[in-house]
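Each chain is listed here by its residues.
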Amino acid sequence: MLTLAFADLVRRTGLSGWVSVPVAATGMVMYDLVLEQIAPWLDMWNWEGGSIPLKNYAAWFLLALLFQILLKGTGIPVKNRVAPAVIFCQIFFFLLLLLFFRFFT
């Protein structure tokens, strides 16, 4: 879902061709950056030592890049009217949760 949604979001910016691939992969990592901050409070997962290792983000980027390359290579159309709304709603939701847990718990 994230691969398709970010590919469509980047397509809407006017970027075309293969340059859109690393941009969409970077967007996926930015999404993960927000999610990783709230995940321990939601008991989704925890990191040993309490800090998120840099290799997590490197692995996210490499996998996101691979998925974006595969999607681009297949030529599957990525036009989706709701994709940007889904991404922004999820990020907004996780940011609200993050603010709540940081300031009210």
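The following paragraphs examine the structure supplied in this document. (Residues numbered from 1 in each chain as written. Predicted model: local features only at pLDDT ≥ 70, side-chain atom pairs only at ≥ 80, totals over all residues. Heavy atoms only, no water.)

Remarks on the overall build of the chain
The helix and strand inventory of the chain stands at four helices and zero strands. When the helices and strands of the chain are listed from N to C terminus, the series reads α-α-α-α. For the chain, the C-alpha atoms occupy an extent of roughly 45 × 30 × 20 Å along the three principal directions. In the chain, buried positions account for 33% of the 105 residues. Entry remark: accessible area of the chain is about 6800 Å², with carbon and sulfur atoms responsible for 72%. The chain carries 7 positive and 5 negative side-chain charges, and their two centres are separated by 18 Å. (Helix = DSSP H or I, 4+ residues; strand = E, 2+ residues; numbered from the N terminus. Buried < 20%, exposed > 50% of the residue type's maximum accessible area, 1.4 Å probe, protein only. Areas by Shrake-Rupley, 256 points an atom, 1.4 Å probe, with all protein chains shown as cover. Lys, Arg positive; Asp, Glu negative; His and termini not counted. Charge placed at Lys NZ, Arg CZ, Asp CG, Glu CD.)

Notes on the side chain of Gln68
Among the secondary structure elements, Gln68 is positioned in helix H3 (residues 54-74). Setting aside anything within four residues of it in sequence, one finds Gln68 in contact with Thr3, Phe6, Ala7, Val21, Ala24, Ala25 and Met28. (Contact = heavy atoms within 4.5 Å.)

Section: unusual backbone geometry
Positive phi values are uncommon outside glycine, yet Asp43 reaches one of about 55 degrees. Looking at where Asp43 falls in the secondary structure, it is placed in the loop between helix H2 (20-38) and H3.

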